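Listed below, chain by chain, are the residues.
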Amino acid sequence: MSNRVRTAVFPVAGLGTRFLPATKSIPKEMLPLVDRPLIQYAIDEARAAGIREFIFVTAKGKSALEDYFDSSAELERALEEKGKADLLAEVHNSTMPSGAIAYIRQQEALGLGHAVWCARRLIGDDSFAVILPDDVISAKTPCLKQMVEAHAETGGCMVAAMDVPREQTKSYGILDIAGEQGRLVRAAGMVEKPAPEDAPSTMAVIGRYILSASVLETLGAGKRGAGGEIQLTDAIAAEIDHGRPVHGFRFDGQRFDCGSKSGYLQATVAFGLARDDLRDEFSAYLAGIAGSQRAAE
Ligand code: UTP
């Protein structure tokens, strides 16, 4: 066993109901932020953190995701002939080498914990990362890289954590805080989607995890939690009960919940404004809208 994190699991088997009807035929993870699908941001973040093995937990209707990472010789030839070097580089970046990604099916959407458990045979005994691609994090140092560096010191399990307004605790896993040191929050417990009045804190877990293989054993028991689903939160909480360390990591960066319509639109604006080729035209457009709204009030 080792603390080194070389493998990442991408659970992408959810139904994506909040984006229906689009997600009838497009996986949520293929929705673009400007011109790159959500999954590309997740893969780039994993690569930057030193991840070399990529495991996708998929489901029926997700084949567009597999196709996306395939090589596209015809397209590349056409771009080369047209001298479009920039686009060619983008397309190259989205192609994964043969054997780098493994795909495992989750037959039934029984919850995030179950999705991660489905990957158990490919994970092995080392610590591994879990990335939820619908949480997109804009950061100077990519979030998972920050976590891998911190995890090298702490070992155990680590979850990305951020403060949320108390009325939102019912949308997140929430940490019971034992102590804090810098960006590290030592967890005394973890509870999935507590009502605001029951939440032990307002420190929420978002979609980046570094987990020990022992979490997979707990998930194997198939115990149902909040919403009748097999919850990853519960399996991480069991680590604490067994006296193993679990830390929240207050990452440096801005997280967008691209699994919700409002978060997705906010991310589109933020990533559009961050682009050199779009900033001037786009910000002038936004300023125009804000101006006409003020005039109408
Ligand atoms: P969400 O809670 O966002 O669910 O899952 P969802 O199905 O993707 O979207 P909505 O709520 O219906 O709109 C969080 C992450 O866990 C994965 C999802 O693919 C997403 O990355 N997941 C969830 C699974 O892989 N399997 C599951 O059974 C549940």
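Let's shift gears to the packing of aromatic side chains. Counted by the stated rule, this structure contains eight aromatic pairs. For the ring pair Phe19 and Tyr264, a centre distance of 5.5 Å and an interplane angle of 80 degrees mean the geometry is edge-to-face. Of this pair, Phe19 sits in the loop between strand 1 (7-11) and strand 2 (32-33) while Tyr264 sits in helix 10 (residues 261-273), placing them 245 residues apart in sequence. Note on accessibility: Phe19 and Tyr264 belong to one class, buried. Judged by centre distance (5.2 Å) and plane angle (80 degrees), the ring pair of Tyr41 and Phe271 falls under edge-to-face. Of this pair, Tyr41 sits in helix 1 (residues 38-48) while Phe271 is found in helix 10, placing the two residues 230 residues apart along the sequence. Judged by its relative accessible area of 16%, Phe271 falls in the buried class. Among the aromatic residues, those joined into a cluster by ring pairs are Phe10, Phe54, Phe56, Tyr68, Phe69 and Tyr103.

Moving on: the site of the ligand. The environment of the ligand is made up of 17 residues, and the closest members are Pro11, Leu15, Thr17, Lys28 and Gln106. Between the ligand and the protein, one listed contact pairs an oxygen atom with a backbone N or O atom of Leu15 at 2.8 Å. Contact with the protein chains hides 82% of the accessible area of the ligand, taken as 570 Å² for the molecule alone. For the shell around the ligand, the per-class residue count stands at eight nonpolar, five polar and four charged.

As a further point, take the nonpolar core. Judged by nonpolar contacts, the single largest core of 37 residues is most densely connected at Phe10, Ile39, Ile43, Ile51, Phe54, Phe56 and Leu144. For this core, the elements supplying multiple residues, two or more each, are strand 1, helix 1, strand 4 (53-58), strand 6 (128-131), helix 7 (143-154), strand 8 (157-163) and strand 11 (203-211). Excluding its chain neighbours within four sequence positions, the residues that come into contact with Phe54 are Ala8, Phe10, Ile43, Ala46, Arg47, Met96, Ala100, Ile101 and Ala102.

Here we take up helix 7. Since the α-helix packs 3.6 residues into each turn, any two residues three or four apart lie on the same face. For helix 7, built from 12 residues, the straight-helix expectation of 16 Å at 1.5 Å per residue is met to within 8% by its first-to-last C-alpha distance of 16 Å. Along helix 7, the residues that are buried comprise Cys143, Leu144, Gln146, Met147, Val148, Ala150, His151 and Thr154. Two residues or fewer past helix 7, Gly155 is found with a positive phi of approximately 60 degrees.

With that out of the way, let us pick up unusual backbone geometry. Cis geometry marks the peptide bond from Leu20 to Pro21, where omega comes out at 5 degrees. Along the chain, Pro21 turns up in the loop between strand 1 and strand 2. The backbone of Lys193 shows a phi angle near 50 degrees, a positive value even though the residue is not glycine. Within the element layout of this structure, Lys193 appears in the loop between strand 10 (184-192) and strand 11. Given the relative accessible area of 42%, Lys193 is considered partly exposed.

Basis of the calculations
Counting restarts for each chain: residues are numbered from 1 in the order of the written sequence. In keeping with the predicted nature of the model, local features appear solely for residues at pLDDT of at least 70, side-chain atom pairs appear and are counted solely at 80 or more, and the whole-chain, interface and lining totals rest on all residues. Where side-chain values are given, they derive from all heavy atoms of the structure, hydrogens and water being excluded. Working definition: rings of Phe, Tyr and Trp (its six-membered ring) pair if their centres are within 6.5 Å, and the pair is stacked with planes under 30 degrees apart, edge-to-face with planes over 60 apart, and tilted otherwise. Note on conventions: DSSP H or I runs of at least 4 residues are helices, E runs of at least 2 residues are strands, and numbering of each starts at the N terminus. The buried label goes to any residue with under 20% of its type's maximum accessible area, the exposed label to any with over 50%, and the partly exposed label to all in between, with areas taken from a 1.4 Å probe on protein chains only. In these notes, residues near a molecule or strand are those with any non-hydrogen atom within 4 Å of it. Think of a polar contact as two N or O atoms within 3.5 Å of one another; within protein, one of them needs to be a possible hydrogen donor and the other a possible acceptor, and neighboring residues in sequence only count if both atoms come from side chains. Computed with a 1.4 Å probe, the accessible areas rest on the Shrake-Rupley method; for each residue, only the protein chains presented here act as cover. Following the grouping adopted for this structure description, the nonpolar residues are Ala, Val, Leu, Ile, Met, Phe, Trp, Tyr, Cys and Pro, the charged ones are Asp, Glu, Lys and Arg, and the polar ones are all others, Gly among them. Among buried residues, the Ala, Val, Leu, Ile, Met, Phe, Trp, Tyr and Cys ones that are joined through side-chain atoms within 4.5 Å form a nonpolar core. Contacts: residue pairs with any heavy atoms within 4.5 Å of one another. The span one expects for a helix is its residue count, reduced by one, times 1.5 Å.

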